[in-house]
Amino acid sequence: MHDNRALIEKRLNRVLNQRLKPAVHRSVAPVRLSVWHVDGGQGEPVPPSEALPGGPAVAEGRYQPADVGLRWGPAWGTSWFHVEASVPAEAAGRRVELFVDLGWENRFAGFQAEGLVYRPDGSVVKGLNPRNLWVPIADPATGGETVDLYIEAAANPKVDHGDTPFAATPLGEKSTAGTAPIYRVNRVDVSVFEQDVWELWQDLEALGGLMLELPDGEPRRWQIAQAIERSLDALDLQDLAGSAAAAREPLQPALGKPANASAHRISAIGHAHIDSAWLWPVRETVRKVARTTSNVVQLLDEHPDMVYAMSSAQQYEWIEQHRPEVFKRVAEHVAGGRFVPVGGMWVESDTNMPGSEAMARQFVYGKRYFLERFGIETEEVWLPDSFGYSAALPQLVKLSRSRWFLTQKISWNKTNPFPHHTFWWEGIDGTRVFTHFPPIDTYNSDLSGRELAHAVRNFRDKGAATRSLAPFGWGDGGGGPTREMIAQAHRTADLEGSPRVAIESPAAFFTAAEDEYAAAAPVWAGELYLEIHRATYTSQAKTKQGNRRSEHLLHEAELWSAAAAVHGLVDYPYDDLERIWKLVLLNQFHDILPGSSIAWVHREARDAYASVTAELETIVETAQNALARASSADGGSDTVVFNAAPHERHGVPAFGAGVAAAAEPVRCAPVDDGYVLDNGVLRVVVDERGLLTSVFDVGADREVLASGSVGNLLQLHPDLPNEWDAWDVDEFYRNTVVDLVDVDELSLVADGSSGIATVRVARSFGASTVVQHISLSAGARRVDISTDVDWHEREKFLKAAFGLDIRAGQAAYETQFGHHYRPTHENTSWDAAKFEVCAHRFVHLEEPGYGIALVNDSTYGHDVRRAVTPGGDTTTTVRLSLLRAPRFPDPETDQGAHTLRYALVPGAGIDDAVREGYAINLPERVTGGAAVEPLVTVNGDGVVVSAVKLADDRTGDVVVRLYEARGGRATATLTAAFDVTAVEETDLLERPFERDALQGVDEGQVSLRLRPFQIVTLRLRR
């Protein structure tokens, strides 16, 4: 037999795309179209009540007649279309739909114009997007039905440029996007849905996709090709609707052959990954969620076997607030078990950069929302698209009472393919979570033959495990599943040559996978590092700084408000703190905090952080003033220092207020056109270039800087990654560097007499300037550096380097509730791929007997490299990543003024690194009054309190969260400054939880025993 398969394949492709698909909707009646362009497209979206009958748009005649071919929609504008028509008699007995093409490109749903369809009474019908162009009218029609619908059309621009990706664009900000119409109405009409044509399309899609993935020598591939040829021969291209049923018949034997007994099983779960902001602002995500969920509930109504999973409590709340009618339908399907809340988090956040408490609160607010609204304890942590996963997460997953973890993003690794798809993930404390990483390598699957075959070939646990998961539905910008995807799932449920596909819930998959494989599954210990998108630790510095500052202000606001409320001095601001927490958590979404969104998003984030800062400062001030006044009523000092850090400072106890110890003078003298600063603990030399050339630890009799190296060296690199500008820094950036050593000014601005000596260094480079203040304080074991940069570079990367005389095979990087180690060498490709990494408040290096820490107040990106001097000494260079200047998606990224603070801490153990990291982020506050006793005190080496607050249930109980910070075992005693009737160990949501840290309570003293990095939440009942 001659091999004519290529001929058949090309024939199939053309008939599908040029004949069958366009014939599914047969136009039977025109429509009357009118349009209202909202405020020239430049205003924010109006409530539907303003655009629908009864509102001013209709009453005042704002709608104007329009025709197909209308140009509409300046970027980010909204146009409301009114569609009126009658169903003709010839459509009687047929399924009738409105077909709408507002000018979409058939590329991606959710990355261009979208629409939401309303009835005149304000009820929502469904959403429209480039892969979902139909609106149900009648099934079956009787003829004569009236069509009266309104479409809220959003003219979201195609920011990604398509053929020229990552090019700088003004489209990411409303004020620069322009006013010209960017879309054209291509088609709006009443159509008959040709069911047989559609079914034939689905048959051919399923078999054709499978055929192309089968091996050339596989008989099944040849059999399918012959069946397809017979089908195409039976199809009359001049009468597609009339011949489609006959053309389906030759395909049925091929579709009816059952799958192999050993076929891989795929749990297909309807999904729509909706970025809470990215190439669109948050305000548009609110509408995206409504459009997508409207589509989903419509599918759930029509397909009883459909199951849909949606994460992010924030997105449910948006529907609840803005589209209550849609939310009611969602809630009904949640109750029926087919609309499945997953994730257990407020948003699908970044997990590298959120601080300890913020990461915990993602689970607290997310899981509590699902419990309160739906009575559901979510068990799946659903993070398909975040940019790497902190090794602290497994413990937090378990403490939130979740069981399973899912991600997809690790498939993006550039260097090392991840070795497992189903495995136990072990965190820094030893907690393990059953984890799945779908081998289909997408969270936007369309269940095509190509994707299903890839999942089978790619699955790395085959032989021992037989199951994987496939999230299907258009995503990123939303859209969700389509009826075509459901049809593909049905046809591949039991099909020879294909994996068995079953639409089911995530819990059904995880339960079956765990039953099958849990005992034999491999273990991955430590972080899930993503070998791409490393620049997200640095891009959009003000967003990151706002996050870090907000997290610590929330810590202070809860601490001092709890103390004042327990003493009856203020009302605890429950509502305000919850609202602020939710806003901060929203801005930790994995395209906001990482700095990878359009300018509009980051402008709003900066505004939000400014508002949060002002409000939290007021809450802190109110509580501290109340505490200080109450204490001073019994007499006391006129000036006290409030210490919100979990360690004593300058004689002031942790979480208390008192008189700080008097500062001794710091010696300061000029030397060789520079300065030497000496506080008896450290002797620091700043040379004529403003660089640290010596940091001498007096007690240890040891020079900290390596011979021939310097500290505080600013270095500038070119920075144009091959793609993903705001996300990526490619390794070749290190090949070219400019050391910034020229000085415009070097001066002494504080001579040490008041207990601090400060040298000012001013530089200029390119179009930018930098002013640094290098300070040494009395008694301090750290050199503080404050860096003010007026940044106007483009596609450059600014780093601060410290060449240290220390030999360490690994460095400790702070993460949530502890730290983890990464090698300082590049022995393997896995080591070398970590050339840019994330840390929170500190990086710590240590050789036996001596350690050094570098702490910061808002920097996350770091790199550590080793070199060996000719004499055999090891120089370990630690660098902080300060600023970048990518041009996509925000062409003005980081332009302007920034202040960044960091400090070098010689002679530091891990305890010191933890303490100084907190200290630089929680500066002391000075106010009038008298000493304030801490609400709680904890005695125990290595045990650190991360939160003191009142219980969320408003009982007035005090909640204390603490953790073991050194990575060893510890005992501790907690003492409260108030009467305690009982103490409970709880989960993150402050519910009783059987754990093993609480040893006993004796006369108000709580005894604790902690494992390495163990997190403990205590509820102190008053």
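The structure under discussion appears in the preceding block.
In short, a report on the structure. (Residues numbered from 1 in each chain as written. Predicted model: local features only at pLDDT ≥ 70, side-chain atom pairs only at ≥ 80, totals over all residues. Heavy atoms only, no water.)

Now for the overall build of the protein chain. Helices and strands together make up the secondary structure of the protein chain, namely 20 helices and 53 strands. Taken over the C-alpha trace, the protein chain has a radius of gyration of 31 Å; the compact-globule value for 1022 residues is 31 Å, and the two agree within 12%. Referenced to the eigenvectors of the C-alpha coordinate spread, the extents of the protein chain come out at roughly 95 × 65 × 60 Å. Charge separation in the protein chain, taken as the distance between the mean sites of 99 positive and 141 negative side-chain charges, equals 4 Å. (Helix = DSSP H or I, 4+ residues; strand = E, 2+ residues; numbered from the N terminus. Rg over C-alpha atoms; globule rule 2.2 N^0.38 Å. Lys, Arg positive; Asp, Glu negative; His and termini not counted. Charge placed at Lys NZ, Arg CZ, Asp CG, Glu CD.)

Side-chain pairs of opposite charge can arise whenever the charged atoms involved come near each other. Taken as a whole and assessed by the stated rule, the structure comprises 86 salt bridges. With a shortest N-O distance of 2.6 Å, Arg491 and Glu199 are connected by a salt bridge. In this pair, Arg491 sits in helix H14 (residues 483-491) while Glu199 sits in helix H4 (residues 195-213), placing the two residues 292 residues apart along the sequence. Take Arg491 and Glu199: they sit in the same class, and that class is buried. The closest approach of N and O atoms between Arg991 and Asp987, which form a salt bridge, is 2.8 Å. You can call Asp987 buried: its relative accessible area is 0%. Ionic contacts of the salt-bridge type, sharing partners, join the residues Glu114, Glu152, Arg283, Glu284, Arg287, Lys288, Arg291 and Arg323 into one network. (Salt bridge = Lys/Arg side-chain N within 4 Å of Asp/Glu carboxyl O. Buried < 20%, exposed > 50% of the residue type's maximum accessible area, 1.4 Å probe, protein only.)

Here Glu1003 is to be found in the loop between strand E51 (998-1002) and strand E52 (1005-1010). In this structure the C-alpha to C-alpha distance between Glu1003 and Val980, which are 23 residues apart in sequence, comes to 8.9 Å.

Applying the stated criterion across every chain yields a total of 40 aromatic pairs. Ring geometry for Trp80 against Tyr118: centres 5.4 Å apart, planes inclined by 35°, an arrangement best described as tilted. In this pair, Trp80 sits in strand E5 (residues 78-86) while Tyr118 sits in strand E7 (residues 114-118), placing the two residues 38 residues apart along the sequence. Ring plane angle 80° and centroid distance 5.8 Å describe the contact between Phe166 and Phe888, whose orientation is recorded as edge-to-face. With Phe166 in the loop between strand E10 (146-154) and strand E11 (181-184) and Phe888 in the loop between strand E43 (874-884) and strand E44 (896-906), this pair connects stretches of sequence that are 722 residues apart. Members of the aromatic cluster, each reached through a chain of ring pairs, are Phe108, Phe111, Phe166, Trp278, Trp280, Trp412, Trp724, Trp727 and Phe888. Taking the ring centre of Trp134 as reference, the NZ or CZ of Lys126 above it sits at 4.4 Å. In this arrangement the basic side chain of Arg822 is found over the ring face of Tyr813, its NZ or CZ atom lying 4.6 Å from the centre. (Phe/Tyr/Trp six-rings, centres within 6.5 Å; stacked < 30°, edge-to-face > 60°. Lys NZ or Arg CZ within 6 Å of the ring centre and 35° of its normal.)

This brings us to the nonpolar core. When a protein is soluble and globular, its nonpolar side chains tend to lie buried together. Counting residues in hydrophobic clusters, the biggest one holds 199 residues, and the most contacted among them are Trp80, Phe339 and Leu1020. The leading source of residues in this core is helix H18 (residues 599-632), at twelve residues. (Core = buried A, V, L, I, M, F, W, Y, C linked by side-chain atoms within 4.5 Å.)

On to the sheet that holds strand E35 (residues 783-791). Pairing within the open sheet is antiparallel, and its nine strands lie in the order E32-E33-E34-E35-E44-E41-E40-E37-E38. Pairing within the sheet leaves two strands with one partner each, and these edge strands are strand E32 (745-751) and strand E38 (818-823). Taken pair by pair, the neighbouring strands of this sheet meet at an average axis angle of 20°, ignoring direction. As paired elements, strand E33 (residues 756-765) and strand E34 (residues 768-777) share ten bridges and run antiparallel to each other. Residue pairing across strands places Val761 opposite Gln772, the latter belonging to E34. Here helix H16 (residues 541-566) sits on the sheet in contact with strand E41 (850-856) and E44, set at roughly 60° to E44. (Pairing = 2+ DSSP bridges. Axes fitted to C-alpha atoms, helices over the stretch in contact; angles between N-to-C directions. Contact = heavy atoms within 4.5 Å.)

Mapped onto the elements, Gln772 comes out in strand E34. Only 2.9 Å separates the side chain of Gln772 from the side chain of Thr787, close enough to count as a polar contact. At 3.1 Å, the side chain of Gln772 and the side chain of Tyr902 are in polar contact. Every residue in contact with Gln772, bar those within four places of it in the chain, is listed here: Asn712, Leu714, Val759, Arg760, Val761, Arg763, Ile785, Ser786, Thr787 and Tyr902. (Polar contact = N/O pair within 3.5 Å; in protein donor to acceptor, adjacent residues only side chain to side chain.)

Here we take up the sheet that holds strand E23 (residues 640-643). The three strands lie next to each other as E24-E23-E45, forming an open sheet whose pairing is antiparallel. Edge strands, defined here as strands with exactly one partner in the open sheet, are strand E24 (656-658) and strand E45 (925-927). The mean inter-strand angle of the sheet, taken between neighbouring strand axes irrespective of direction, is 30°. Sheet topology places E23 next to E45; three bridges connect them, and they run antiparallel. Bridging from a neighbouring strand, Val640 pairs with Thr927 of E45. H16 contacts E23, E24 and E45 of the sheet and is inclined by roughly 45° relative to E45.

Taking 1.5 Å per residue as the helical rise, helix H5 (residues 219-234) with its 16 residues ought to reach 22 Å, and the 23 Å between its terminal C-alpha atoms agrees with that figure. Turning to H5, its buried residues number three or more, namely Arg220, Arg221, Ile224, Ala225, Ala227, Ile228, Ser231 and Leu232. Looking down the long axis of H5, one finds its buried residues gathered within 165° of arc, a one-sided arrangement. Residues of H5 that are buried make contact with helix H1 (5-20), H4, helix H6 (240-248) and helix H7 (252-255). (Expected span 1.5 Å × (residues − 1). Arc of directions from axis to C-beta.)

A few words on H16. Between the first and last C-alpha of H16 there are 37 Å, a value that for 26 residues agrees with the 38 Å anticipated at 1.5 Å per step. In terms of burial, H16 is a largely internal element, 23 of the 26 residues being buried. Positive phi appears at Gly568, one or two residues downstream of H16, with a value of about 75°.

For the rest of this paragraph, the subject is the environment of His862. Among the structural elements, His862 can be located in strand E42 (residues 861-868). Classification of His862 by relative accessible area gives buried; the value is 0%. Between the alpha carbons of His862 and Gly110 there is a distance of 35 Å; along the sequence they are 752 residues apart. If sequence neighbours within four positions are ignored, His862 has contacts with Lys799, Tyr813, Phe835, Glu836, Val837, Ala839, Val843, Asn856, Arg879, Leu880 and Ser881. There is a polar contact of 2.8 Å between the side chain of His862 and the backbone oxygen of Tyr860.

Here we take up the pairing of strand E6 (residues 96-101). Taken residue by residue, a regular strand's side chains alternate between the two faces of the sheet. Burial of E6 is extensive: six of the six residues sit out of reach of the surface. The alternating pattern of E6 places Val96, Leu98 and Val100 and Glu97, Phe99 and Asp101 on opposite faces, both of which are buried. Bridge analysis of E6 against strand E9 (residues 134-138) gives four bridges, and the strand direction is antiparallel. The residue bridging Phe99 from the neighbouring strand is Trp134, located in E9. Both E6 and strand E12 (residues 187-193) contribute to a ladder of six bridges, which runs antiparallel. Residue pairing across strands places Phe99 opposite Asp189, the latter belonging to E12.

Let's shift gears to unusual backbone geometry. Each neighbour pair has its own omega, and for Asp139 with Pro140 the value is 0°, a cis peptide bond. Here Pro140 is to be found in the loop between E9 and E10. Backbone torsion omega between Phe888 and Pro889 reads 5°, so that peptide bond is classified as cis. Note that Pro889 resides in the loop between E43 and E44. The phi torsion at Glu795 lies on the positive side, around 50°, for a residue other than glycine. When you line up the elements, Glu795 lands in the loop between E35 and strand E36 (796-804).

Summarising burial for strand E8 (residues 124-128): five of the five residues are buried, a large majority. Bridge count for E7 against E8 is four bridges, and the pairing is antiparallel. Paired with Gly115 across the two strands is Leu128, which belongs to E8. Taking the residues that link successive antiparallel strands as the turn, the E7-E8 hairpin has five residues, and the phi of Gly122 there is positive, at about 95°.

Where H4 contacts helix H13 (residues 449-458), the axes come no closer than 8 Å and their chain directions differ by 40°. Between H4 and H13, the interaxial angle falls into the category oblique. H13 is crossed by H4, and the crossing has right-handed handedness. Two secondary-structure elements touch here, H4 through Gly209, Leu210 and Glu213 and H13 through Gly449, Arg450, Ala453 and Arg457. Of the residues assigned to the contact of H4 with H13, the class counts are two nonpolar, two polar and three charged. (Parallel < 35°, antiparallel > 145°, perpendicular 65-115°, else oblique. Left-handed = near helix turned anticlockwise from the far one by under 90°. Nonpolar A, V, L, I, M, F, W, Y, C, P; charged D, E, K, R; others polar.)

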